[in-house]
Amino acid sequence: MKITTTNVIANVTPTIITGISTDLAKNITDRDFSVSYTSSDQFRLTADFGATGVINYIAVAGTNIEGNKDGTSRVRVTDGGTIVGTINVSTNQVVVISFPEQSFTNLRIGLFNQAGTEAPVLTYAAAGVMIDVPNGGEIAGYSRQFLTRNIKQRTTVNNVGAPTAAIQKRVALKGTLNLPNMTKSFSENEWQDFLDFAYSNHFFILERDDDDEGVENNVNSGINPSAYLAYESTASKATAHAQTRELNNLAISYKVFTGL
């Protein structure tokens, strides 16, 4: 499991390369999901964010590029014209692309909707540094948010108890990350940096790096549905370990957006 701890494009207004429209480009890095950017191109949206320091992830949330729902649509990150990573999608999932640490001369993020039935929309993009959570980052009972749905239903019934109408509403999922047996070093350093970031920014969780088909990802293609966006962080805890002062038990709660 990986969690993001910085976002170097938080205040960057990107330059739209493909899909220039009347929408404001700064909407892409705005944490407010009531604003977004809709491409003027039916298939593509490409944005340049300029030079960066050393980073190891990009993330996008609030897209509509599921297309044919067969994995032919994609999110891609490049350094100028050099491909760094690609994730193919069959839903409107949150996408996190992780890659070896590197600086960019020109960070470029592109969306591609194979179906071309509607212009790509991008609501939020981030890029920066993410860290590996020690001990795999999860314990028994951890809720795998990317395998659930945030749909609440209300059904009316007739006088014999049969359903007559149903209303569906999407609601915020709730998540908690419990990290037992964390070292003093991690608790006092990386975890503190993460908390400072999480309480003032959206952050992303990537549960695994591997392809869900068991096939290794490469820069041109890959599948990974295990990412989601976390926001409204609350109830962070750090408690003493029951057996040693060299370890701590850490936890944080948050709300979740998966795009599903």
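Quick caveat, the model's predicted, so the values are computed rather than measured. (Residues numbered from 1 in each chain as written. Predicted model: local features only at pLDDT ≥ 70, side-chain atom pairs only at ≥ 80, totals over all residues. Heavy atoms only, no water.)

**A short note on the environment of A251**
Heads up, the rule is: Helix and strand assignments come from DSSP, with helices taken as H or I runs of at least 4 residues and strands as E runs of at least 2, each series counted from the N terminus. For each residue, the accessible area found with a 1.4 Å probe, counting protein chains only, is set against the maximum for its type, and the residue is called buried under 20%, exposed over 50%, and partly exposed in between. Should any heavy atoms of two residues lie within 4.5 Å, those residues are considered in contact.
Here A251 lies in strand β15 (residues 247-257). Among the residues examined, A251 registers a relative accessible area of 10% and is labelled buried. Here the alpha-carbon distance between A251 and T72, two residues 179 residues apart in the chain, equals 38 Å. If sequence neighbours within four positions are ignored, A251 has contacts with L177, N178, W191, A235, S236 and K237.

**Structural notes on the sheet that holds strand β9 (residues 130-132)**
The line we're drawing: Pairing between strands is defined by DSSP: at least two bridges between the two strands are required. For helices, the fitted line uses only the C-alpha atoms of the stretch in contact; every axis is such a line through C-alpha atoms, and the angle between N-to-C directions lies from 0 to 180 degrees.
One open sheet holds the 6 strands; their spatial order is β9-β1-β13-β14-β15-β12, and the pairing between them is antiparallel. Of all strands in the sheet, those with a lone pairing partner are β9 and β12 (173-183), marking the two edges. Pairwise comparison of adjacent strand axes, ignoring direction, gives a mean angle of 35° for this sheet. Of the strand pairs in this sheet, strand β1 (residues 2-4) and β9 are connected by 3 bridges, and their pairing is antiparallel. Residue K2 lies in a different strand from β9, and its bridge partner there is D132. Sitting on the sheet, helix α2 (residues 190-198) touches β1, β9, β12, β13 (203-206), β14 (227-240) and β15, and the angle it makes with β15 is about 25°.

**A look at the pairing of strand β8 (residues 121-128)**
The buried fraction of β8 amounts to 8 of the 8 residues, a majority that puts the element mostly inside the structure. Bridging between strand β3 (residues 37-38) and β8 involves 2 bridges; their strand directions are antiparallel. The partner of T38 across the bridge, within β8, is V121. Where strand β4 (residues 44-63) lies against β8, 6 bridges are found, and the strand directions are antiparallel.

**Examining the nonpolar core**
Worth spelling out the cut-off: For this analysis, a nonpolar core means a set of buried residues of the types Ala, Val, Leu, Ile, Met, Phe, Trp, Tyr and Cys, connected via side-chain atoms within 4.5 Å.
The biggest cluster of nonpolar side chains holds 27 residues, and the ones touching the most others in it are I58 and L107. Excluding anything up to four places from it in sequence, I58 contacts V75, V77, V95, V96, I97, F99, L107, I109, A126 and A127. L177, F186, F194 and F203 belong to the second-largest nonpolar core, a separate cluster that totals 23 residues.

**Observations concerning α2**
The condition that has to hold: The directions considered for the arc are those from the helix axis to the C-beta atoms.
Among all positions in α2, only W191, F194, L195, F197 and A198 are buried. Looking straight down α2, one finds its buried side chains confined to an arc of 165°; they lie on one side. Residues of α2 that are exposed and point over 90 degrees away from its buried face: D193 and D196.

**Observations regarding the pattern of salt bridges**
Rule in force here: A pairing counts as a salt bridge when a side-chain nitrogen of Lys or Arg comes within 4 Å of a carboxyl oxygen of Asp or Glu.
Taken as a whole and judged by the stated rule, the model has 4 salt bridges. D132 is the salt-bridge partner of K2, the closest N and O atoms lying 2.9 Å from each other. Placement of the pair is K2 in strand β1 and D132 in strand β9, with a sequence separation of 130 residues. Its relative accessible area of 13% is what places K2 among the buried residues. Here E232 ties to K255 by a salt bridge, and the two come within 3.3 Å at their closest N and O atoms. With E232 in strand β14 and K255 in strand β15, this pair connects stretches of sequence that are 23 residues apart. Look at E232 and you get partly exposed, because its relative accessible area is 48%.

**A few points about the packing of aromatic side chains**
The test is simple: Each Phe, Tyr or Trp ring, with Trp reduced to its six-membered ring, pairs with another whose centre is within 6.5 Å; inter-plane angles below 30 degrees give stacked pairs, above 60 give edge-to-face pairs, and intermediate values give tilted ones.
Scanning the model with the defined rule gives 8 aromatic pairs in all. An angle of 85° between the planes, with centres 4.9 Å apart, marks the rings of F194 and F203 as edge-to-face. Like F194, the residue F203 is buried in the burial classification. Linked through ring pairs, F186, W191, F194, F203 and Y254 together constitute an aromatic cluster.

**As for the confidence of the model for the protein**
Detailed reading of the predicted coordinates is not advisable wherever pLDDT falls low. In plain terms, the rule: You can read pLDDT as the predictor saying how much it trusts each residue, on a scale of 0 to 100.
For the protein, per-residue confidence averages 88 on the pLDDT scale, and residues scoring 70 or more make up 93% of the total. For the protein, the element scoring lowest by mean pLDDT is strand β11 (residues 163-170), at 76; β8 scores highest, at 97.

**Points about unusual backbone geometry**
The backbone of K69 sits at a positive phi, close to 60°, despite the residue not being glycine. Within the secondary structure, K69 is located in the loop between β4 and β5 (73-79). With a phi angle near 50°, A235 is a residue other than glycine that sits in the positive phi range. You can see A235 is positioned in strand β14. Owing to a relative accessible area of 44%, A235 belongs among the partly exposed residues under this scheme.

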